[in-house]
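Chain by chain, the residues run as shown.
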Amino acid sequence: MNSIALTTATSFPAYTAILTLPCCRLGVRTNASHELTALVFLPPDTPVLAATFAHDLIASIENNLSAWQENSRHTFGLPLANCGTPFQQRTWQAISRIPHGEIRTYGELSTEIGGMPRAVGQACGANPFPILVPCHRVVAKTGIGGFANARDGWLLETKRWLLKHEGVL
């Protein structure tokens, strides 16, 4: 078996598609009900994976992402699977209310929803729908903070790109 295929199959399992963004790749997971179950930021050199069957949801995701890349104020209207703990859901709802072009600190969000800043950070890291639930708008008091459970590297560069795309940085 080809070593690249083996690496791809074992490193990035169970994606319906892997799409290209200017800052990285985006793994897409869907369920049998044609709901989006996860968007996962992947390294920029991850091979693209086209959906292997006709999938209207993937086409809709691609169209929405294209519109968003042209206009960061684009509003997504995709069917999202229900997931997360009650605290995570409260956090994601609060994140979704942060206006375009604005940021909140982990501390500000924790005061708003009740909880600790670290718990808000963990809920941000567990966000299954980044970009759609814009956790990149949540930052540390003294800087941009982490992103997708990372404190450096390409994921932090992805957060910087997202904030620049929205005109925050």
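It should be noted that the structure appears before, not after, this text.
Just so it is clear, the model here is predicted, and its values are computed rather than measured.

K.L.:
Lay out the packing of aromatic side chains in plain terms, naming residues and giving numbers.
P.N.:
All chains considered together, the criterion is met by three aromatic pairs. Ring centres of Trp68 and Phe76 lie 6.5 Å apart, and the angle between their planes is 45°; this geometry places the pair in the tilted category. Using a relative accessible area of 3% as the deciding quantity, one classes Trp68 as buried. Ring centres of Trp68 and Trp161 lie 5.8 Å apart, and the angle between their planes is 65°; on these two criteria the pair is classed as edge-to-face. Of this pair, Trp68 sits in helix H2 (residues 56-70) while Trp161 sits in helix H6 (residues 154-165); the two residues are 93 residues apart in sequence, bridging distant segments of the chain. Ring-pair connections join several aromatic residues into one group, and the members of that group are Trp68, Phe76 and Trp161.

K.L.:
Tell me about the state of the cysteines, residues and numbers included.
P.N.:
Under the defined criterion, the tally for this structure stands at zero disulfides. Of all cysteine sulfurs, the one in Cys24 lies closest to Cys23, which takes part in no disulfide; the gap is 3.6 Å. Here Cys23 falls in the buried class, since its relative accessible area comes to 14%. Take Cys135: it sits in no disulfide, and the sulfur closest to it among the cysteines is that of Cys124, at 5.6 Å. Cys135 gets classed as buried once you look at its relative accessible area, which sits at 5%.

K.L.:
Provide a residue-level description of the sheet that holds strand S2 (residues 25-30), including the pertinent values.
P.N.:
A sheet is described by the order of its strands in space; here three strands give the open sequence S1-S2-S3, paired in antiparallel fashion. Looking at strand neighbours, the two that pair on one side only are strand S1 (17-20) and strand S3 (36-42), the edges of this open sheet. Ignoring strand direction, the axes of neighbouring strands in this sheet form an average angle of 25°. Where S2 and S3 come together, six bridges link them in antiparallel fashion. Following the sheet pairing, Arg25 is matched in S3 by Leu42.

K.L.:
How would you sum up the pattern of salt bridges? Please name residues and give values.
P.N.:
Scanning the model with the defined rule gives four salt bridges in all. Across the pair Glu102 and Arg104 runs a salt bridge, and its minimum N-O distance is 3.2 Å. By relative accessible area, Arg104 is classed as partly exposed at 25%. Between Arg160 and Glu157 there is a salt bridge; the shortest N-O distance is 2.7 Å. One end of the pair, Arg160, and the other, Glu157, are both in helix H6, three residues apart, so they sit about a helical turn from each other. Classification of Arg160 as partly exposed rests on a relative accessible area of 28%.

K.L.:
Kindly report on the environment of Pro130, identifying the contributing residues and their values.
P.N.:
Among the secondary structure elements, Pro130 is positioned in the loop between helix H5 (117-125) and strand S5 (138-139). Under the relative-accessibility criterion, Pro130 is labelled buried at 6%. Other than its neighbours up to four places away in sequence, Pro130 contacts Leu39, Phe41 and Cys135.

K.L.:
Give a detailed account of the pairing of S3, specifying residues and quantitative values.
P.N.:
Within S3, five of the seven residues are buried, which leaves the element mostly enclosed by the surrounding structure. As consecutive antiparallel partners, S2 and S3 are separated by five residues, and within that stretch His34 has a phi angle of approximately 60°, a positive value.

K.L.:
Any details on the packing of helix H4 (residues 106-113) against H5? Residues and values, ideally.
P.N.:
When two helices pack together, their arrangement is captured by the angle between the axes and the distance separating the axes. H5 packs onto H4 with a crossing angle of 100° between their chain directions and a minimal axis gap of 8 Å. Comparing their axes, H5 and H4 come out roughly perpendicular. Counted together, Tyr106, Gly107, Leu109, Ser110 and Ile113 of H4 and Pro117, Val120, Gly121 and Cys124 of H5 form the full contact between these two elements. Residues belonging to the contact of H4 with H5 are distributed by class as follows: six nonpolar, three polar and no charged.

What counts and how
- Residues numbered from 1 in each chain as written.
- Predicted model: local features only at pLDDT ≥ 70, side-chain atom pairs only at ≥ 80, totals over all residues.
- Heavy atoms only, no water.
- Phe/Tyr/Trp six-rings, centres within 6.5 Å; stacked < 30°, edge-to-face > 60°.
- Buried < 20%, exposed > 50% of the residue type's maximum accessible area, 1.4 Å probe, protein only.
- Helix = DSSP H or I, 4+ residues; strand = E, 2+ residues; numbered from the N terminus.
- Disulfide = S-S within 2.5 Å.
- Pairing = 2+ DSSP bridges.
- Axes fitted to C-alpha atoms, helices over the stretch in contact; angles between N-to-C directions.
- Salt bridge = Lys/Arg side-chain N within 4 Å of Asp/Glu carboxyl O.
- Contact = heavy atoms within 4.5 Å.
- Parallel < 35°, antiparallel > 145°, perpendicular 65-115°, else oblique.
- Nonpolar A, V, L, I, M, F, W, Y, C, P; charged D, E, K, R; others polar.

By themselves, these observations are geometric and do not establish any function.
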